[in-house]
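# Descriptive analysis of the structure
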Amino acid sequence: MNTKQKQGARQTQATVPAWIIFLLAASCGLIVANLYYAQTVLGPISTTTGLSSAAAGLIVTLTQIGYVIGLLFIVPLSDIIENRRLMVLFLVVLVLALITATFSTSAFLFLTASLLIGIGSVVAQILVPYATYLTSEEQRGQVVGNVMSGLLLGIMLARPVASFITSAMGWQAVFAFSAVVIALLMLLLSRALPARQPEPNLTYGQLIISLGTLLRTLPMLRRRAFYQASLFGAFSLFWTTVPLRLADDFGLSQQGIAWFALAGVGGAIAAPIAGRWADRGFTRVLTGAAMVIAIASFGLAYLFQSHSTASLILLVVVAITLDMAVSGNLVLGQRVIYSLANEARGRVNGLFMSIFFIGGAIGSSLGSWSYAHGGWSLTTLIGLIMPLLALLYYFTEKKISAVSRT
């Protein structure tokens, strides 16, 4: 980057308005929510499309597969293609996929739409590193925290919102409403965001091959990805099985479960707080604290398993503290990885997100298996073990560089 370009970059970082950061945060939440809408309404979708109850899980699986494909093969493009143009292109894909899902009456068509919804939703992971280019190093943690709080709110609100809309207007309304929102968002982003044109020195093939090189040569990327994969796996295990416990042990209806899920949204407040404290140099200690909080959350869930109102209230507290641990650690991890390779943030973010998203898929699968074979006791024990493994690995971390410390 020449002197003039550096001056322009510094000027952009210094003058980026707060409403741009808010727009990025809201956009991330609205986009990533599309990954989770179907999870609480699989029953009605299966009835309409003719999917068997056993095959209904393919909807979630294909959406996750599409997302991982996008993380590995689309997000890296943000390092060589003008970012705003790339976002608009795949938001178009997302809108078309949502429209297809809305009018699907066959299993094949809806499953195809699910795969494309996953692919299109990776725009959220183009927006996050994009935000870091707009701000200075000193404020990066705070900005990432603010943007990630929007993304996490989208994840946490998607399930209850889908349940409420489905109960009032049917599942098709969920996807139709989202298609309209994403279309409007696409127009807004295309006009409001400043352009970011990378200076590519790699072809697309070289770009994809470089993913392996980055993973091999950046030990902190591997470490932070494992930390988050362990915590997100526990998070996914919890939210896959807790609706079953709420229905089986407390007799909650679909709307009651939706209200419970809303309570967990409170955990998203940890993201901006973690970002601000990370900017002050507390990344390492906060990482350990997040793991301890996750372990303690599952410990409480294991110890108090009665069907009383007090146990239900405690379960709400567990949902909030677990969400705080996962969302806080996510921001801490992203602040670290964005400091590792300035011109490869898209690729680094794609690797980081794909690894921890795979951890989430493993957690969901383990949750379904453990609840079926060992009930809530086995489920919470497995949930406790996942962040415990991360904590044991955390104790091997050494302060070998400024990046490791901050």
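Computed from a prediction, not measured in an experiment: that's the story for all the values here. (Residues numbered from 1 in each chain as written. Predicted model: local features only at pLDDT ≥ 70, side-chain atom pairs only at ≥ 80, totals over all residues. Heavy atoms only, no water.)

### Structural notes on the environment of Gly50
- Here Gly50 shows up in the loop between helix H3 (42-49) and helix H4 (57-73).
- Between the C-alpha atoms of Gly50 and Met169, which are 119 residues apart in sequence, the distance is 20 Å. (Helix = DSSP H or I, 4+ residues; strand = E, 2+ residues; numbered from the N terminus.)

### Topic: helix H13 (residues 270-279)
- Considered for burial, the residues of H13 that qualify are Ala270, Ala271, Pro272, Ala274, Gly275 and Ala278.
- At the C-terminal side of H13, Gly281 shows a positive phi close to 95 degrees. (Buried < 20%, exposed > 50% of the residue type's maximum accessible area, 1.4 Å probe, protein only.)

### Some remarks on the domain arrangement of the protein
- Considered domain by domain, the protein is made up of domain 1 (17-201) and domain 2 (210-397).
- Each of domain 1 and domain 2 was reduced to a C-alpha centroid, and the two centroids are 20 Å apart.
- Each side of the interface is counted separately: domain 1 has 37 residues, and domain 2 has 37 residues.
- Note on domain 1 versus domain 2: buried area summed over both sides is about 3,300 Å², and carbon and sulfur give 68% of it.
- Counting the contacts that link domain 1 with domain 2 gives one salt bridge.
- We note a salt bridge from Arg347 to Asp79, for which the minimum N-O separation is 2.9 Å.
- Put simply, domain 1 and domain 2 have three residue pairs in polar contact (both at pLDDT 80 or more) between them. (Domains from an automatic or database assignment. Contact = heavy atoms within 4.5 Å. Buried area = accessible area lost by both parts, 1.4 Å probe. Salt bridge = Lys/Arg side-chain N within 4 Å of Asp/Glu carboxyl O. Polar contact = N/O pair within 3.5 Å; in protein donor to acceptor, adjacent residues only side chain to side chain.)

### Thoughts on the packing of helix H11 (residues 219-250) against helix H15 (residues 309-337)
- The interhelical angle for the contact between H11 and H15, taken along N-to-C directions, is 160 degrees, at an axis separation of 10 Å. Judged on the interaxial angle alone, H15 and H11 are roughly antiparallel. Once H11 is placed against H15, the crossing between them reads as left-handed.
- A per-class count over the contact of H11 with H15 returns 23 nonpolar, four polar and three charged. (Axes fitted to C-alpha atoms, helices over the stretch in contact; angles between N-to-C directions. Parallel < 35°, antiparallel > 145°, perpendicular 65-115°, else oblique. Left-handed = near helix turned anticlockwise from the far one by under 90°. Nonpolar A, V, L, I, M, F, W, Y, C, P; charged D, E, K, R; others polar.)

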